[in-house]
Amino acid sequence: METSHKIFAILVVIFVLQLRGIVEASHMVYSELQSISPDIVDDKLRTGYHFQPPMHWINDPNGPMYYKGLYHLFYQYNPKGAVWGNIVWAHSISTDMINWIALEPAIYPTKPFDIEGCWSGSATILSDGTPTIMYTGIDSDNNQVQNIAFPANLSDPYLREWIKPDYNPIIAPTFRVNASAFRDPTTAWLGPDDHWRVAVGSKWNKRGKVILYRSKDLKNWIQVKHPLHSAPETGMWECPDFFPVAEEGKLGLDTSMYGHGMRHVLKVSLDLTRFEYYTIGTYDRKMDKYVPDATSVDNSMGLRFDYGNFYASKTFYDSDKKRRILWGWSNESDSVNADKTKGWSGIQAVPRTIWLHPSGKQLLQWPIEELGSLRGKQVNLNDKVVKSGDYFEVKGIQTAQADVEVEFDVASLEKAEPFDSSYIGDAQSLCKIKGADVKGGVGPFGLWVLASSKLQERTAVFFRVFKDVHKHMVLMCQDPTRSSFGLKLFKPTFAGFVDLDITKTKKIYLRSLIDNSVVESFGEKGKTCITSRVYPTLSIGSNAHLYVFNNGEEDIKVSNLEAWEMRKADMNGA
Ligand code: DQQ
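Residues numbered from 1 in each chain as written. Predicted model: local features only at pLDDT ≥ 70, side-chain atom pairs only at ≥ 80, totals over all residues. Heavy atoms only, no water.

Peer 1: Looking at this model, I keep getting lost on the overall build of the protein. Mind explaining?
Peer 2: For the protein, the count of helices and strands is four helices and 37 strands. By the compact-globule yardstick of 25 Å for 574 residues, the protein fits well, its C-alpha radius of gyration being 23 Å. Its C-alpha atoms give the protein principal-axis dimensions of about 65 × 60 × 45 Å. Among the 574 residues that make up the protein, the fraction classed as buried is 62%. Across the protein, every contact between residues at least 6 apart in sequence was considered, and the portion connecting residues at least 24 apart equals 65%. Accessible surface, the protein as shown: approximately 22,000 Å² in total, 53% of it carbon and sulfur. Between the mean site of the 64 positive side-chain charges and the mean site of the 67 negative ones, the protein shows a separation of 2 Å. (Helix = DSSP H or I, 4+ residues; strand = E, 2+ residues; numbered from the N terminus. Rg over C-alpha atoms; globule rule 2.2 N^0.38 Å. Buried < 20%, exposed > 50% of the residue type's maximum accessible area, 1.4 Å probe, protein only. Contact = heavy atoms within 4.5 Å. Areas by Shrake-Rupley, 256 points an atom, 1.4 Å probe, with all protein chains shown as cover. Lys, Arg positive; Asp, Glu negative; His and termini not counted. Charge placed at Lys NZ, Arg CZ, Asp CG, Glu CD.)

See the structure below:
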């Protein structure tokens, strides 16, 4: 079959299945769907520089670490199909976190303490440099327990083989711990008593919590009476991540660091909403308690690393470049059956360096500098006014796989639309009614990416400025509602507010990483990030175009735009 026919066939199947209302449920096993050959994947819709195995399902990043000159990434992987199930810890290594070599899976079900599944967890580098992994095993009674594994050969920088001691599990659910909601141990850290701490995600009724354990030998663990932290009505906290950040500067801190000039961050992934949020706060080492700052909202309305397809994220301290790196799973926007048809599902978002904004109120994120090594042919333009209702194409490079940085000048805010305060904390609903095609005062303006030549198809990445009583509110959205021409796929609009005093700056920055079926955007130099999976039908490969548009009444100016073609990374042999 010709490629275009294949794509059409895939999309018709997707369309029919969507109409039947089949949606993705991440932890269901669809065994009947795991035997069909994945040979109808169109390579041009696979990402070129996002982390992905050659085929099948992936979810959470697990145990990222740096060891003897190599970065390691493990991840939840189904070696048998494109839907969740049969989960093992797949393993890849890299010298730059951009180009990856796939190794054999590192951890897989073999023992009574993990025979029903090897779920998420984290790596900890011990004081003598030895790496360890703690992960959740699903035991033969279907209870969630925490296990430990050590490298078989410390002189192998690839860390190919891992040993799971027979004394596992090291932590089993006890009284008042829900054995089916007890998972995803964090990286361990050392307390003032030189004993280890580790936190495990859980819930009690509807209260989400991270249960804290202490150990002096990593083998025998004692549950601390109180949780490290908990919050009402948030449901199960999956994949908690707890780490220190410096109050000033971009340098990262080892997870066990403690002292003046640093704050702590707790991130949790909410099973109820499939979104994550984080708080910035204070870790009292004596009490072993974490208290979020008053400025950090401690529920699902709180700060997010990413307002789009991004979940089960995990950071690690890169001791080589002294930075903290964030990995996050970007799930698909389509149905389980569509994934089945493609033969693959899920990627990891580009690894991001994260650090605390000088205000102390949020983190900043930026793609790791190594991504620049893939930048190829470049175009630049300056001082181009985009009048109300106007748009122009950025020509001269292919843009299906590109990196775009833009600086918008917003000279006048006079025509900003009034802000309806009922949308505070709910940017997504606001963007749903004020999409890219709904005319505004100041904005919507931004980029149309993965756009077809006649613009029947396009994904909008844009800003819209509102006037509230005392300040202006800047909304950042990704609107994929026109991303697949003629097909009714699941195309969620994602949005977040940008904490920016635009009356002072009169400018706003945007960087978008476009990669065939993913758009990963960084608003205002990493303050608000949104990742979307999109499946164009026309704007594929050389048929993808890039435009700047302005659907607001006020003119805006592109004071600077730089765009690069992105080369393909070496990706696990695919
Ligand atoms: N995925 C893992 C769990 C974790 C969930 C199983 C989050 O350990 O809670 O694949 O996506």
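Having put the structure on the table, let's press on.
Peer 1: Quick question: what am I supposed to make of the side chain of glutamate 332 here?
Peer 2: Mapped onto the elements, glutamate 332 comes out in the loop between strand 20 (323-330) and helix 2 (336-342). Residue classification places glutamate 332 among the buried residues on the basis of a relative accessible area of 4%. From its side chain, glutamate 332 meets the backbone nitrogen of glycine 346 in a polar contact 2.7 Å long. Among the polar contacts made by the side chain of glutamate 332, one reaches the side chain of tyrosine 535 at a distance of 2.4 Å. (Polar contact = N/O pair within 3.5 Å; in protein donor to acceptor, adjacent residues only side chain to side chain.)

Peer 1: Just checking my understanding: could you explain the state of the cysteines for this structure?
Peer 2: Two cysteines, two sulfur atoms, one covalent bond between them: this is a disulfide. Evaluation of the coordinates by the stated rule reveals one disulfide. We note that cysteine 118 lacks a disulfide partner, and the nearest cysteine sulfur, in cysteine 239, lies 15 Å from it. Looking at cysteine 118, the relative accessible area reads 0%, which means it is buried. A relative accessible area of 2% places cysteine 239 in the buried class. (Disulfide = S-S within 2.5 Å.)

Peer 1: Explain the site of the ligand here, please?
Peer 2: For the ligand, the set of nearby residues contains 13 residues, the closest of which are Asp60, Gln76, Arg183, Asp184 and Glu238. Contact between the ligand and aspartate 60: a nitrogen atom at 2.8 Å from a side-chain N or O atom of the residue. Taking tryptophan 84, its side chain carries an N or O atom lying 3.0 Å from an oxygen atom of the ligand. Coverage of the ligand by the protein chains reaches 100% of its 310 Å² of free accessible surface. Secondary-structure elements contributing two or more residues to the shell around the ligand are strand 1 (56-67), strand 5 (117-125) and strand 19 (311-318). Considered class by class, the residues forming the shell around the ligand number four nonpolar, four polar and five charged. (Near = heavy atom within 4 Å. Nonpolar A, V, L, I, M, F, W, Y, C, P; charged D, E, K, R; others polar.)

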